[in-house]
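# Observations on chain architecture
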Amino acid sequence: MSSYLKETPTRDGFFGDYGGAQLPPVLEPHFKAIAEAYDKISKSADYIRDLRYIRKHFQGRPTPVSHLKNLSEICGGAQIYAKREDLNHTGAHKLNHCMAEGLLAKHMGKTKLMAETGAGQHGVALATAAAYFGLECEIHMGEIDIAKEAPNVTRMKLLGAEVVPVGFGGRSLKEAVDSAFESYVPQADTALFAIGSVVGPHPFPKMVRDFQHIVGIEAREQFLEMTGDLPDMVAACVGGGSNAMGMFAGFIDDADVALYGVEPMGTSSKLGEHAATITFGEDGDIHGFRTMLLKDEAGEPAPVHTVASGLDYPGVGPEHAHLYRTGRANYTAANDKEALDAFYKLSRHEGIIPALESAHAVAFAMREAASNPGKSILINLSGRGDKDIDYVTETYGFSVDS
Ligand SMILES: *Cc1c(COP(=O)(O)O)cnc(C)c1O
């Protein structure tokens, strides 16, 4: 492993000033046990062999890197390439860490996987892992999201998960996290809480990064083989930041490769109308760790908006806050309109319908291509857009200009 990844985070889970674990005393021993089990298991030949087998024979890895020739030609300037996580089983990168967390649960002798979910993407990926490993699965989801994301609720139930509706407060992601943690406390001996991104208390930001690292490892090797060189720029959308961290980890020691996280600018730069945490946020604490945050006037996590519900989080993974402060990665934003334009163009010109989340990375590449002639841009296409086609076409029709 590279030197940066070996040294970061510290043993207690700090990426510079960010990360750590602020937990209620009842949960402290359980997170400690998870950290110790992960430490041990990640060096075990059995665990590594099992994970390799699953990635190849169940998930369909490696996913390819595609040269987006038509899009590059239209944008003019740089050549654009995409790592195709849309072709990973279940249609997004999330299964990479959910399968590894399921395997960890199995090795720890747990009988259940638990989590919160917002739009349902993490819930579906975790329910898939639970079905594969023969584990129970309990997913907490706000009532508003349950009504909005019916197909994902159906999927989770088909996969055998229990979906617990959350009916208090805003009845959305934040309340789902609170509800899931409350339910986890009395079950912590037999269940593993599987967080959906590189967020939450230590060891999750490190563990989920390590599980997503496969994306960057494959992409680096594939890009080198295709072009004989490394990409000049690597970009990914950032919600919690797991697909971006997986990709960045593969290139973090290549000082000449510029890294870009693309945040959702929503409908405007006004607080409440975007979810661009690093672009506009400040230091703070959320859900048991220190990071950068969008805060309201009272200092509480602010409401956020983006057309891509998977990017809808007022915090961000602590490692991104760290990479921003050290300057190793750059953070920028794309708004709803740019993401929709990218959604249509990638569909029409490349035959790939992207998730609206991933469309933010495509929008970045399209914007940068013109001003970077002769350069190469590799994006992480974190997921496919099947889940978004009804919403997009009912709201905007079949072209962003119509
Ligand atoms: C959930 C999701 C994201 C956002 O999560 P990160 O942890 O920021 O990667 C991005 N793309 C897709 C397709 C998703 O499902």
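Residues numbered from 1 in each chain as written. Predicted model: local features only at pLDDT ≥ 70, side-chain atom pairs only at ≥ 80, totals over all residues. Heavy atoms only, no water.

### Section: helix H15 (residues 356-369)
Between its first and last C-alpha, H15 extends 20 Å over 14 residues, near the 20 Å set by a 1.5 Å rise per residue. With 12 of 14 residues buried, H15 is to be regarded as a mostly interior element. Looking at H15, one finds that the buried residues are Leu356, Glu357, Ser358, Ala359, His360, Ala361, Val362, Ala363, Phe364, Ala365, Met366 and Ala369. (Helix = DSSP H or I, 4+ residues; strand = E, 2+ residues; numbered from the N terminus. Expected span 1.5 Å × (residues − 1). Buried < 20%, exposed > 50% of the residue type's maximum accessible area, 1.4 Å probe, protein only.)

### Describing the UniProt feature "modified residue: N6-(pyridoxal phosphate)lysine" (unreviewed entry) in the protein
Under the feature "modified residue: N6-(pyridoxal phosphate)lysine" (unreviewed entry), the UniProt entry names Lys94. Inspection of the secondary structure puts lysine 94 in helix H5 (residues 94-107). Those residues in contact with lysine 94, other than ones at most four positions away along the chain, are Gln121, His122, Ala125, Gly196 and Gln212. (UniProt positions renumbered as here; feature names shortened; annotations may be inferred. Contact = heavy atoms within 4.5 Å.)

### Examining the site of the ligand
Lys94, Ser197, Gly241, Ser242 and Ser382 are the nearest of the 17 residues found near the ligand. The separation between an oxygen atom of the ligand and a polar side-chain atom of lysine 94 is 2.6 Å. At a separation of 3.2 Å, an oxygen atom of the ligand approaches a polar backbone atom of glycine 240. Calculation on the ligand without its partners gives an accessible area of 380 Å², and the protein chains cover 97% of this total. (Near = heavy atom within 4 Å. Polar contact = N/O pair within 3.5 Å; in protein donor to acceptor, adjacent residues only side chain to side chain. Areas by Shrake-Rupley, 256 points an atom, 1.4 Å probe, with all protein chains shown as cover.)

### Describing the pattern of salt bridges
Tallied over the entire structure, the rule returns 23 salt bridges. Residues lysine 345 and aspartate 341 are paired through a salt bridge, measuring 2.9 Å at the closest nitrogen-oxygen approach. With a gap of four residues between them, lysine 345 and aspartate 341 both fall in helix H14 (residues 336-350), about one helical turn apart. Here lysine 345 falls in the partly exposed class, since its relative accessible area comes to 26%. (Salt bridge = Lys/Arg side-chain N within 4 Å of Asp/Glu carboxyl O.)

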